[in-house]
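Here is how the chains run, residue by residue.
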Amino acid sequence: MVKQQIPEKTDILIIGAGIIGSSIFYWLKQLGYDRKILIIDRNSYGNGNSSKAAGIMTIQLPHVTDSWLVKESQEFYSQFGSVSGGIEHPKFVKTGFLTTAGNEKKVEYLEKKFSSWKKVKPETTLLSPAEIKKLSPSIDEKQVELGVYTPTDAFGSGNDWSNWFIRRTRDQEQFFSKAYEEVVGFKETNEGILIYTSTGNKILSHKVIIATGAWSKKLVNKLDLSIPLKSYRAKALSIEAFEGSNKLVPHHDLDTGAYFKREVNGNVVVGDGTEHFETDPDNIQRQPPLEFLEHLSSILISLYPASQSSGIMNFWSGHCQATPDTYPLLGSHPEKKIILLATGFQGIGIMRGAAIGKIMAEYTITGKKSSKLTDNYWIDRFHNFPNDFPIQEGFQL
Ligand SMILES: Cc1cc2nc3c(=O)[nH]c(=O)nc-3n(C[C@H](O)[C@H](O)[C@H](O)COP(=O)(O)OP(=O)(O)OC[C@H]3O[C@@H](n4cnc5c(N)ncnc54)[C@H](O)[C@@H]3O)c2cc1C
């Protein structure tokens, strides 16, 4: 690997090399930006919450604009991907995706959503319980009334893609990257923003893009600014394969809010443990509480009875970022235009990462907002930032 020196001056500094920051870095180069850019991360690339994700990439999302962003991202990821995994061939595994509902209100809601998803991917179909059973034989079809299936949805690895974006972009000329470099402070000068790092480096940048995920509020506060963002914990566990799980289609069950996904190694990941209160991403409890394991186990057994005797292989948690209306915070900070934000991706950052990176790179170069996004995606939709707001999960329909 090429060891890069950090430049003392740069035109753009991206802080945070998760899926979002690294994708912006990649797209700035692809779009022909020809001045100096540096991306830094306090950890190794892609090792923040992008490495905690289940990696589901589905168009079956609450906001239809997000469905289009996922479709575009999938088209991008699928060009290079392979099922083998690894940084040079990041995972993009086409598995299809299924959403189910049993409760009357959720069924009605799912039917409505189906018509908007079908516009994004016409191959999306409605399934009866018997058809769901045929597709994913380990499911107990008596627990569900309706399914929506998109055969071309997939999953991928946020960590692999972040590394891939950096590797494809960094060079000695003008695109620099540096891991294990933590931003600890800022100072405004006539020429731009001076950034202080934990290793004693000082970097002067004309523009700063904050792509630090769940840590974004903390960093913005160091600039004496605020943003309407809360970080919340999301949890997942993986269990041993069980009878029929080799055909398990990645699945989101609306009645319970849980999602299920088969790993390449055969284990099954189950998640839902979104916590509806703010927690400090630097003070994370990695081990989920016992009640969480019990809760998920009971959901699992009711939907997938054959999982009853499967042992737990792993469990973990990470942080997601909530905004007042579940839309991201993109664009220049209203009080300091040279600070750009790319944060607030709730629980669905990997699947939108490639498309969002391109949109943010275009915005950084031209100052223009993409016509692909509604006004809701940009931070200046807020005239005043709300003091407080409830945390809603972005993946929840
Ligand atoms: C359990 C779980 C399951 C999930 N499942 C999915 C899924 O299936 N599909 C999906 O699309 N999304 C999923 N997500 C959400 C997804 O992980 C996030 O939306 C995404 O990773 C956000 O990317 P990011 O680049 O904004 O943040 P991150 O990947 O967290 O990147 C931020 C980076 O900033 C760095 N940083 C922070 N502070 C500093 C500093 N002061 N100086 C320098 N660097 C700093 C961090 O080290 C980190 O690498 C899941 C999340 C969790 C927790």
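Rules used in this analysis
Residue numbers restart at each chain and count upward from 1, following the sequence in its written direction. Reporting in this predicted model follows two pLDDT cut-offs: at least 70 for local features of residues, and 80 or more for side-chain atom pairs to be given and counted; totals over whole chains, interfaces and linings ignore these cut-offs and use all residues. Secondary structure follows DSSP: runs of H or I at least 4 residues long count as helices, runs of E at least 2 residues long count as strands, and numbering of each begins at the N terminus. Our radius of gyration looks at C-alpha atoms and nothing else; its globule reference is 2.2 Å times the residue count to the power 0.38. Three classes are used. A residue is buried when 20 or more other C-beta atoms lie within 10 Å of its own, exposed when 12 or fewer do, and partly exposed in between, with C-beta atoms placed from the backbone. Being near a molecule or strand means, for a residue, that its backbone-placed C-beta atom lies within 6 Å of it. Marked domain ranges trace back to an automatic or database domain assignment. In this scheme, strands are said to pair when DSSP sees at least two bridges between them. Whether two residues are in contact depends on their C-beta atoms, placed from the backbone: they are in contact if these lie within 7 Å. Given a helix with a known number of residues, its expected span is that number minus one, times 1.5 Å.

### Quick word on the overall build of the protein
Part 1 of the reasoning: Each helix and strand counted, the protein has eight helices and 19 strands in total.
Part 2 of the reasoning: For 397 residues, the compact-globule estimate of 2.2 N^0.38 gives 21 Å, and the C-alpha radius of gyration of the protein, at 21 Å, lies within 12% of that figure.
Part 3 of the reasoning: Each of the three principal axes of the protein carries a C-alpha extent, and together these read 65 × 45 × 40 Å.
Part 4 of the reasoning: With 397 residues in all, the protein has 50% of them scored as buried.

### Section: unusual backbone geometry
Part 1 of the reasoning: Notably, D224 is not glycine yet its phi reads approximately 60 degrees, a positive angle.
Part 2 of the reasoning: Relative to the elements of secondary structure, D224 occurs in the loop between α6 (216–221) and β13 (230–239).
Part 3 of the reasoning: In this structure D224 comes out as exposed when scored by C-beta crowding, with 10 C-beta atoms within 10 Å.
Part 4 of the reasoning: Of note in this structure, T326 is not a glycine but carries a positive phi near 70 degrees.
Part 5 of the reasoning: You can see T326 is positioned in the loop between β17 (312–322) and β18 (329–333).
Part 6 of the reasoning: For T326, a count of 21 C-beta atoms within 10 Å puts it in the buried group.

### What about the site of the ligand?
Part 1 of the reasoning: Close to the ligand lie 41 residues, the nearest being G18, G48, G213, G318 and G349.
Part 2 of the reasoning: Looking at the shell around the ligand, the elements that each hand over two or more residues are α1 (19–30), β13 and β17.
Part 3 of the reasoning: The biggest single contributor to the shell around the ligand is α1, with three residues.
Part 4 of the reasoning: Counting contributing residues, the shell around the ligand receives three or more from each of domain 1 (1–92 + 154–229 + 323–397) and domain 2 (97–151 + 232–322).

### Comments concerning the sheet that holds strand β3 (residues 56–57)
Part 1 of the reasoning: Spatially, β3-β8-β4 is the arrangement adopted by the three strands of the open sheet, whose pairing is antiparallel. The sheet terminates laterally at β3 and β4 (92–94), the two strands that pair on one side only.
Part 2 of the reasoning: As defined by bridge partners, β4 adjoins strand β8 (residues 154–156) across three bridges and the pair is classed as antiparallel. Across the sheet, V93 pairs through a bridge with F155, a residue of β8.

### As for the environment of Y77
Part 1 of the reasoning: Position of Y77 among the secondary structure elements: in helix α2 (residues 64–80).
Part 2 of the reasoning: Looking at Y77, the number of C-beta atoms within 10 Å reads 23, which means it is buried.
Part 3 of the reasoning: Each C-alpha atom of the pair Y77 and F92 lies 6.6 Å from the other, and the pair is 15 residues apart in sequence.
Part 4 of the reasoning: Among residues more than four places away in sequence, those in contact with Y77 are F92, G156, W161 and A354.

### Structural notes on helix α8 (residues 353–366)
Part 1 of the reasoning: The end-to-end C-alpha separation of α8 is 20 Å, in line with the 20 Å expected for 14 residues at 1.5 Å each.
Part 2 of the reasoning: Of all the residues in α8, the buried ones are G353, A354, A355, I356, G357, K358, I359, M360, A361, Y363 and T364.
Part 3 of the reasoning: Remark: G367 follows α8 within two positions and exhibits a positive phi of approximately 75 degrees.

### Digging into helix α5 (residues 158–169)
Part 1 of the reasoning: Taking 1.5 Å per residue as the helical rise, α5 with its 12 residues ought to reach 16 Å, and the 17 Å between its terminal C-alpha atoms agrees with that figure.
Part 2 of the reasoning: Burial analysis of α5 places 10 of its 12 residues in the buried class, the great majority of the element.
Part 3 of the reasoning: Residues of α5 that are buried include every one of G158, N159, D160, W161, S162, N163, W164, F165, I166 and T169, and no others.
Part 4 of the reasoning: Looking at the packing, one finds that the buried side of α5 touches α1, β2 (37–40), α2, β8, β9 (175–178) and α8.

In short, shape yes, function no, at least from these values alone.
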